Amino acid sequence: MFYLSLIEHTLRLPPHILHLPVDEAIKSELETLFLDKVIAKLGLCISVYDIRSIKGGFIFPGDGASTYTVEFRLIVFRPFIGEIIVAKLKESDASGLRLSLGFFDDIYIPAHLLPTPSRFEAIPNTRNQGRWIWDFGDAEEAQSEEPRFVIDGSDPIKFRVDSVIYPSIPLEQPENSKPFAPMVITGTINYDGLGPVSWWEEAEMIQEDE
Amino acid sequence: MKIKEANAGALTNFEVLGFLRTRGASKDPTRVIVPIAPSEFKVYDYLVESAACNQTKEHVKEFLERCKSYKLAKAEVLNIINLRPSALVEIDPIIEESEKRFGEQLEELVNLVVEVLPEPPTQKLPEPESNEVKEDTMDGKNMDEDKMETVTVEQIDKDQIEPNEDGEQIVVS
């Protein structure tokens, strides 16, 4: 889930923080620049791990700030394909699920990567919201009062990362579209052991009874 | 900005959690004072609820030593340490071609995980004020999962207790 990345960056230290010791000032500047931002191909920057070297300290003519070339390591969040992650349900609509990790919200499970067969039960009077139900087992069970395998956000969901894409920044956006997501993770729960955690506890208990 | 090495090393959740803790992150509300950004706190909150929060360096080292004989891929070891699967069905999506490579040995691997790595934190008991009966049953089941040695008899007892809990809650609320 997390990787260390070695970055080199030329940093301009604004004059108002020059009273701090150099490494503290540089660390706070780096944090303002990188924290909680997505770098393409690298992932979401979580933290500055350490500073390897600080070089420079030149002052360019006409500028009141000093410029440093810093080499440092960042902790980035970049799941690899095939990784299994536990997340909470954020939204569920006809096109699939949207999960959240607290610090990262753009995780989508499109309808075709839900366990087959699944069906969507829309909540009446809402535009698009509803819940997904997995029709596992024979038809009689599916028709019973309370289906066994519902995705309703009451417990965390395990999913497997299918792909991580970094869409490029759009030039213009129409008014009502979703805010731009610089990093989108697509996941799947179409496999044994994936999906809400409570589904598989039941499976275990059934085995025990046998 | 130049990326010198995009991948200077993979980190387990446990290592990131340890790093945030050394900088002063904790659960209690002294959050404004410590030099940690709100976005880092969100990561901390996520990690503290995962299986990583009880792990120590010794646990991880011991697990790495003992799983060498299974010849797991680096990604699989990382997944196992992060998730701490306690059942066959949990370890199945982690390992590719589990039947071909392991077959019987898979159960040994699960037992090794359960033995070496500590349990994830148990779910909190349901609050008496909550009205959601369904939520309570779910939490009860989660507690069973964390106890691990799920004996059938214990299961029946738990099920019998749950209706009583609900009864008590109705009285209280």
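Residue numbers run consecutively from 1 along every chain, following the written order of its sequence. Going through the entries in the order they are written, you letter the chains from A and number the ligands from 1. pLDDT decides what is reported in this predicted model: residues at 70 or higher carry local features, side-chain atom pairs at 80 or more are listed and counted, and totals for whole chains, interfaces and linings draw on all residues regardless. To get the side-chain values, all heavy atoms of the structure are used, and hydrogens and water are removed first.

Caption draft 1: Structural context of the interface of chain B and chain A. Pairs of residues are marked as contacts when any of their non-hydrogen atoms sit within 4.5 Å. Contact with chain B, which involves 43 residues of that partner, is made by 51 residues of chain A. Accessible surface is computed with a 1.4 Å probe, and the buried area is the amount of it that two parts give up when combined, taken over both parts together. Carbon and sulfur atoms supply 58% of the area buried between chain B and chain A, which totals about 4,200 Å² over both sides. Interface area lost by chain B to chain A is led by M1, Y46 and P93 of chain B, which between them contribute 15%. The salt bridge criterion pairs a side-chain nitrogen of Lys or Arg with a carboxyl oxygen of Asp or Glu, the two atoms within 4 Å. At the boundary of chain B with chain A, the tally comes to six salt bridges. Think of a polar contact as two N or O atoms within 3.5 Å of one another; within protein, one of them needs to be a possible hydrogen donor and the other a possible acceptor, and neighboring residues in sequence only count if both atoms come from side chains. Taken together, the links from chain B to chain A amount to 14 residue pairs in polar contact (both at pLDDT 80 or more). Helix and strand assignments follow DSSP, with helices taken as H or I runs no shorter than four residues and strands as E runs no shorter than two, numbered in order from the N terminus. Within the residue set of the side of chain B that touches chain A, elements represented by two or more residues are β1 (2–5), β2 (10–11), α1 (13–22), α2 (38–48), α4 (74–83), α5 (88–91), α8 (133–147) and α9 (152–172) of chain B. Polar here means any residue other than Ala, Val, Leu, Ile, Met, Phe, Trp, Tyr, Cys and Pro, which are nonpolar, and Asp, Glu, Lys and Arg, which are charged; Gly is therefore polar. The residue inventory of the side of chain B that touches chain A, partitioned by class, reads 21 nonpolar, ten polar and twelve charged. One ladder, built from two bridges, connects strand β1 (residues 2–13) of chain A with β2 of chain B; its direction is antiparallel. Residue pairing in the sheet places Y3 of chain A in a bridge with A10 of chain B of β2 of chain B. Strand pairing follows a simple DSSP-based rule, namely that at least 2 bridges must link the two strands.

Caption draft 2: Quick peek at the UniProt feature "domain: RNA polymerase Rpb7-like N-terminal" (unreviewed entry) in chain A. UniProt positions are given in the numbering used here, feature names are shortened, and annotations may be inferred rather than shown by experiment. Under the feature "domain: RNA polymerase Rpb7-like N-terminal" (unreviewed entry), the UniProt entry names residues 8–64 of chain A. For the annotated span residues 8–64 of chain A, helix accounts for 23% and strand for 44% of the residues, and the straight-line distance between the end C-alpha atoms is 23 Å.

Caption draft 3: Spatial organisation of the domain arrangement of chain B. Taken as a whole, chain B is organised into domain 1 (13–53) and domain 2 (57–116). The start and end points of each domain follow an automatic or database-based domain assignment. Relative placement of domain 1 of chain B and domain 2 of chain B: their C-alpha centres are 27 Å apart.

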